[in-house]
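One letter stands for each residue in the lines below.
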Amino acid sequence: MTGRAGTPSYRTARHGFMTGIDKSSVALMLEMASKASGITVVTHTRPDGDAMGSSLGLLRFLTAAGKDAVIVLNDRYPDSLSFMAGEDAESILVYEDEPEKTAGTVRKSDLVFCLDMNSFGRAEKLEGLLREKDCPKILIDHHLNPDTGSFDLVFSKTDISSTSELLYHILMAAPETGGDARRLPVKCAEALLTGMTTDTNNFSNSVFPSTFRMASDLLGAGIDRNAIVAALYCNYRENRYRLTGRLLYENMVITAEGVAYMILDKAMAAEYDIREGETEGIVNIPLGIKNVRMSILLKEDEDRFRVSVRSKEGVSANRCASMYFNGGGHELAAGGKLLKGKDIPDGTVREAAEYVETRTREFLGGK
Ligand SMILES: [Mn+2]
């Protein structure tokens, strides 16, 4: 226990690192939630399906229990995921849209959950607000290297598909469900199944025995997986496929070391009217090629190139992203960025391509 005056007795020593889900930690989490009058649920910048699925799942569990909770994002979730939010769109505050209102809500809350992010920095402009907040903070995450020292209670597990799955097992250990998936609020269960589905790329990677158990239990509980799959994977705009075809046909380079890389520059993104979230999944496609060991997609922004890295067993996307792309994530799926004027001095696409080629040659040649 910390010795700080006025802190509730359940406040732990900010070193709540744990690798599993034990009933006493879940009980502690629920006790913290029951004592809170306003709960903020935060997830990472440029939220993806797992970020939204785990956040909405927790929001729905908490509100079904009568708690006052909101989701706070740095930036808006992509349109392609708006089907997930549904009626709860009103309970999502976006800092970039409404900075004052959002900051005020964070400041007023007395319990913070951080989901699907391993450090406050992953929430970008919310970082300072989160850091300076003096209230209990709980981390639920499946990324490598969680910043455990910033939290009072940590649920961290990396041998699991997603944060949505981790939260599912946490909620199954709660007395409210007694391990029975049918006792989860339906909308909560839908969000968790959706988040797990996107992070496993519809069961093609990061799948563990526990992942199938979750899916099996939720299907048994009557959750409509077909509707989720249709909303996620049969709902793209034609442009995404036209762009994908062009990237694969004339843009993709495969190096002698087995690195496939593609660079989507601003002009091409504009030509195809590509929106946030619409390039999701494209980076996985080159891994289908036999001699490709790692796939990298660069997306050009005003001041940077956003980087997605995927690899096959035996090559660490996480290490590559942390060594060369100012990022990290999971062993086989990671992300990062290259700043123009710094990592890429002239900021050109050609220079970025050279950077990727030389660094990945060094990375794969060096081991
Ligand atoms: Mn995730």
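Bear in mind the structure is a predicted one, so any value in this text is a computation, not a measurement.

Caption draft 1: Quick look at the domain arrangement of the protein chain. Partitioning the protein chain into structural domains gives domain 1 (23-233) and domain 2 (238-365). Put simply, the middle of domain 1 and the middle of domain 2, counted by C-alpha atoms, are 28 Å apart. Opposite the seven residues of domain 1 that make contact, domain 2 presents nine residues. In total, about 780 Å² of surface goes out of reach between domain 1 and domain 2, with carbon and sulfur atoms giving 45% of it. Taken together, the connections running from domain 1 to domain 2 amount to two salt bridges. Salt-bridge contacts for Glu 276 lead to Arg 46; the nearest nitrogen and oxygen are separated by 3.0 Å. Counting across the domain 1 and domain 2 interface gives three residue pairs in polar contact (both at pLDDT 80 or more). Split into classes, the residues belonging to the side of domain 1 that touches domain 2 amount to two nonpolar, four polar and one charged.

Caption draft 2: Geometry of the sheet that holds strand β3 (residues 92-94). Pairing is parallel across the open sheet formed by six strands, whose spatial order is β3-β2-β1-β4-β5-β6. Edge positions in the sheet fall to β3 and β6 (153-156), since each of these pairs with one other strand and no more. In this sheet, adjacent strand axes meet at a mean angle of 20° when their direction is disregarded. Where strand β2 (residues 69-73) and β3 come together, three bridges link them in parallel fashion. Looking at β3, one finds that Leu 73 is bridged to Val 94. Where helix α1 (residues 23-35) meets the sheet, its contacts fall on β1 (39-43), β4 (111-115), β5 (137-141) and β6, and the angle it forms with β6 comes to roughly 130°. Helix α4 (residues 99-108) contacts β1, β2 and β3 of the sheet and is inclined by roughly 120° relative to β3.

Caption draft 3: Region of the structure containing the layout of surface pockets. Taken as a whole, the second largest pocket holds about 300 Å³ of empty space. Along the wall of the second largest pocket there are 15 residues; nearest its centre are Arg 60, Phe 83, Met 84, Lys 187 and Glu 190. Where the lining of the second largest pocket is concerned, the elements lending two or more residues are α3 (82-85), α7 (186-199) and α9 (225-233). If you tally residues by element for the lining of the second largest pocket, the top one is α7, at four residues. Looking at the lining of the second largest pocket residue by residue, the class counts come to seven nonpolar, two polar and six charged.

Caption draft 4: Geometry of helix α2 (residues 49-64). Given a rise of 1.5 Å per residue, 16 residues ought to cover 22 Å, and the 22 Å separating the end C-alpha atoms of α2 matches this to within 8%. Within α2, 14 of the 16 residues are buried, which leaves it mostly tucked inside the rest of the structure. Taken from the residues just after α2, Gly 66 is the one with a positive phi, measuring 85°.

Caption draft 5: How the structure looks around the pairing of β4. In terms of burial, β4 is largely enclosed, as five of its five residues are buried. Going residue by residue along β4, you find Leu 111, Phe 113 and Leu 115 tucked away on one face and Val 112 and Cys 114 tucked away on the opposite face as well. Across five bridges, the pairing between β1 and β4 is parallel. In the strand pairing of β4, Thr 43 is matched with Leu 115. Note that β4 and β5 share four bridges and pair parallel. Following the sheet pairing, Val 112 is matched in β5 by Lys 137.

Caption draft 6: Highlighting the packing of α7 against helix α8 (residues 209-220). With their axes 11 Å apart at the nearest point, α7 and α8 run at an angle of 145° to one another. Here α7 and α8 pass one another in a crossing that is left-handed. Only Thr 211, Met 214, Ala 215, Leu 218 and Leu 219 of α8 make contact with α7, whose side of the interface consists of Ala 189, Leu 192, Leu 193 and Met 196. Here the contact of α7 with α8 is built from residues that sort into eight nonpolar, one polar and no charged.

Reading the values: the criteria
- Residues numbered from 1 in each chain as written.
- Predicted model: local features only at pLDDT ≥ 70, side-chain atom pairs only at ≥ 80, totals over all residues.
- Heavy atoms only, no water.
- Domains from an automatic or database assignment.
- Contact = heavy atoms within 4.5 Å.
- Buried area = accessible area lost by both parts, 1.4 Å probe.
- Salt bridge = Lys/Arg side-chain N within 4 Å of Asp/Glu carboxyl O.
- Polar contact = N/O pair within 3.5 Å; in protein donor to acceptor, adjacent residues only side chain to side chain.
- Nonpolar A, V, L, I, M, F, W, Y, C, P; charged D, E, K, R; others polar.
- Pairing = 2+ DSSP bridges.
- Helix = DSSP H or I, 4+ residues; strand = E, 2+ residues; numbered from the N terminus.
- Axes fitted to C-alpha atoms, helices over the stretch in contact; angles between N-to-C directions.
- 1 Å grid on protein atoms, 1.4 Å probe; cavity = no way out; pocket = protein on both sides within 12 Å on 5 of 7 lines; lining within 4 Å.
- Points joined across faces, edges and corners; volume = space filled by probe spheres on them.
- Expected span 1.5 Å × (residues − 1).
- Buried < 20%, exposed > 50% of the residue type's maximum accessible area, 1.4 Å probe, protein only.
- Left-handed = near helix turned anticlockwise from the far one by under 90°.

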